[in-house]
Amino acid sequence: MGQMVVITGLADGMGRHVAKMLAKAGHSVAGFDMDAKGIASLAAELKGIGGDHLLETIDITDRPAILKFRDQVLARYGRVDTVLSNVGIGFFSPFEEANLEKALKCLEINVIGAAAIFQAFLPSMRERKSGKFIAMSSLVGRIPFPFESIYSASKFAVTGMMLSLKYEVEPFGIRVALIEPAQVSTSFAAKIHVLPPENSPYRDRARRFIERDNELIKTAPTPPAAAENIMKVIEAEKPALFNQVDFMSSFFLWLNQFLPRSLRDAILVNHMNIKV
């Protein structure tokens, strides 16, 4: 029997490709996104594939709507096997110049958004003593990158939340897993890469960082390739806690285990072309 999988942030990118792959594999998909057009077009694609699905247009910050969605899903399917928290936004800025109101929005969406969807479905999974919670974190959730202090903070928080949650829910048969991409060939980075103003002391290094990041994205895994790796985590009976979808993440995390901090820092600074 196929799984019943809930996905947030599935109107575009990796989430959309995962949803289609799930449908093709015979799993049922329920999810939401605030992109109404993206949800409508995905619903049409899933209908063409023939997969059972329930899609809604919901803002991840709308907690009552999330609970209503949960009730719809449980009423229709009777259970949920896997919840994938895929919703998130980026944040790029020198810390000194960061707009803290926008930073708060990033933390609200990336951290509390993940918490909200997991908390909503936890009681039913606990009662069934079965299920998986999978959170989309990032390489920067364990290795912070410059000019991404707020985004790194949000992903460190997601990683910490999931590591803590693991101890609480494993006795009830619920598995916890993290996905940690470095880069995927999407428009995600382009949406947040804004140069600091002309008079900013960070402008030159930020410009070099953006240029280097844009180069790396050209050879990064495509959303379908990343989605295939995410599918393996969803379909695994006992998924690993930490899961990468690209070589760069695996490489940097491997280095992080063995090299002294000074050498790790030097490699990162040179890799992103921001040496002073």
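Residues numbered from 1 in each chain as written. Predicted model: local features only at pLDDT ≥ 70, side-chain atom pairs only at ≥ 80, totals over all residues. Heavy atoms only, no water.

## A look at the overall build of the protein chain
Point 1. Broken down by element type, the protein chain carries ten helices and seven strands.
Point 2. For 276 residues, the compact-globule formula gives about 19 Å, and the C-alpha radius of gyration of the protein chain, at 19 Å, lands near that figure.
Point 3. Principal-axis analysis of the C-alpha atoms gives the protein chain an extent of 55 × 40 × 35 Å.
Point 4. In the structure as shown, the protein chain presents an accessible area of about 13,200 Å², 55% of it carried by carbon and sulfur atoms.
Point 5. Of the side-chain charges in the protein chain, 32 are positive and 29 negative, and the distance between the mean point of each set is 3 Å. (Helix = DSSP H or I, 4+ residues; strand = E, 2+ residues; numbered from the N terminus. Rg over C-alpha atoms; globule rule 2.2 N^0.38 Å. Areas by Shrake-Rupley, 256 points an atom, 1.4 Å probe, with all protein chains shown as cover. Lys, Arg positive; Asp, Glu negative; His and termini not counted. Charge placed at Lys NZ, Arg CZ, Asp CG, Glu CD.)

## With respect to the packing of helix α1 (residues 13–24) against helix α2 (residues 36–49)
Point 1. The contact between α1 and α2 brings their axes to 9 Å, and the two run at 20°. For the element pair α1 / α2, the angle class is roughly parallel. Here α1 and α2 pass one another in a crossing that is right-handed. In this structure, α1 contributes Arg16, Ala19, Lys20, Ala23 and Lys24 to the contact, and α2 contributes Gly38, Ser41, Leu42, Glu45, Leu46 and Ile49.
Point 2. The class makeup of the residues in the contact of α1 with α2 is five nonpolar, two polar and four charged. (Axes fitted to C-alpha atoms, helices over the stretch in contact; angles between N-to-C directions. Parallel < 35°, antiparallel > 145°, perpendicular 65-115°, else oblique. Left-handed = near helix turned anticlockwise from the far one by under 90°. Contact = heavy atoms within 4.5 Å. Nonpolar A, V, L, I, M, F, W, Y, C, P; charged D, E, K, R; others polar.)

## Overview of the pattern of salt bridges
Point 1. Within the structure shown, the criterion is met by 14 salt bridges.
Point 2. With a shortest N-O distance of 2.9 Å, Asp204 and Arg208 are connected by a salt bridge. One end of the pair, Asp204, and the other, Arg208, are both in helix α7 (residues 203–218), four residues apart, so they sit about a helical turn from each other.
Point 3. What makes Asp204 partly exposed here is its relative accessible area of 38%.
Point 4. Given a relative accessible area of 15%, Arg208 falls into the buried group.
Point 5. Across the pair Arg212 and Glu215 runs a salt bridge, and its minimum N-O distance is 3.3 Å. On the criterion of helical spacing, the pair formed by Arg212 and Glu215 is a turn pair, its members being three residues apart in helix α7.
Point 6. In this structure Glu215 comes out as partly exposed when scored by relative accessible area, which is 45%.
Point 7. Overlapping salt bridges bring together Asp204, Arg207, Arg208 and Glu211 as one network. (Salt bridge = Lys/Arg side-chain N within 4 Å of Asp/Glu carboxyl O. Buried < 20%, exposed > 50% of the residue type's maximum accessible area, 1.4 Å probe, protein only.)

## Details of the sheet that holds strand β4 (residues 82–85)
Point 1. Spatially, the seven strands line up as an open sheet ordered β3-β2-β1-β4-β5-β6-β7, and their pairing is parallel. Each end of this open sheet is capped by a strand with a single partner; those strands are β3 (53–57) and β7 (242–243).
Point 2. The sheet contact formed by β4 and strand β5 (residues 131–136) spans four bridges and is parallel. Residue pairing for β5: Leu84 is matched across the bridge by Ile134.
Point 3. Running at roughly 165° to strand β1 (residues 4–8), α1 makes contact with β1, β2 (28–33), β4 and β5 of the sheet. (Pairing = 2+ DSSP bridges.)

## Let's talk about the nonpolar core
General note: in soluble globular proteins, nonpolar side chains tend to be found buried as a group.
Point 1. In this structure, Val6, Val73, Val83, Phe121 and Met162 are the most contacted members of the largest nonpolar core, which totals 34 residues.
Point 2. The set of elements that each furnish at least two residues to this core consists of β1, β2, α3 (63–77), α4 (100–128), β5, α5 (149–169) and β6 (174–179).
Point 3. Not counting the four nearest positions on each side in its chain, Met162 is found in contact with Phe118, Phe133, Ala135, Val176, Ala177 and Leu178.
Point 4. Formed by 26 residues, the second largest nonpolar core is a distinct cluster that contains Ala23, Leu84, Ile134 and Ala177. (Core = buried A, V, L, I, M, F, W, Y, C linked by side-chain atoms within 4.5 Å.)

## A short note on helix α8 (residues 223–235)
The α-helix advances 3.6 residues per turn, and as a result positions three or four apart in sequence lie on the same side.
Point 1. For α8, built from 13 residues, the straight-helix expectation of 18 Å at 1.5 Å per residue is met to within 8% by its first-to-last C-alpha distance of 18 Å.
Point 2. Pro223, Ala226, Ala227, Ile230, Met231, Val233 and Ile234 are the residues of α8 that are buried. For α8, the angular spread of the buried residues around the axis is 160°, confining them to a single face.
Point 3. Against β1, α1, β4, β5, β6 and β7 lie the buried residues of α8. (Expected span 1.5 Å × (residues − 1). Arc of directions from axis to C-beta.)

Everything listed here is a matter of geometry and, on its own, says nothing about what the molecule does.
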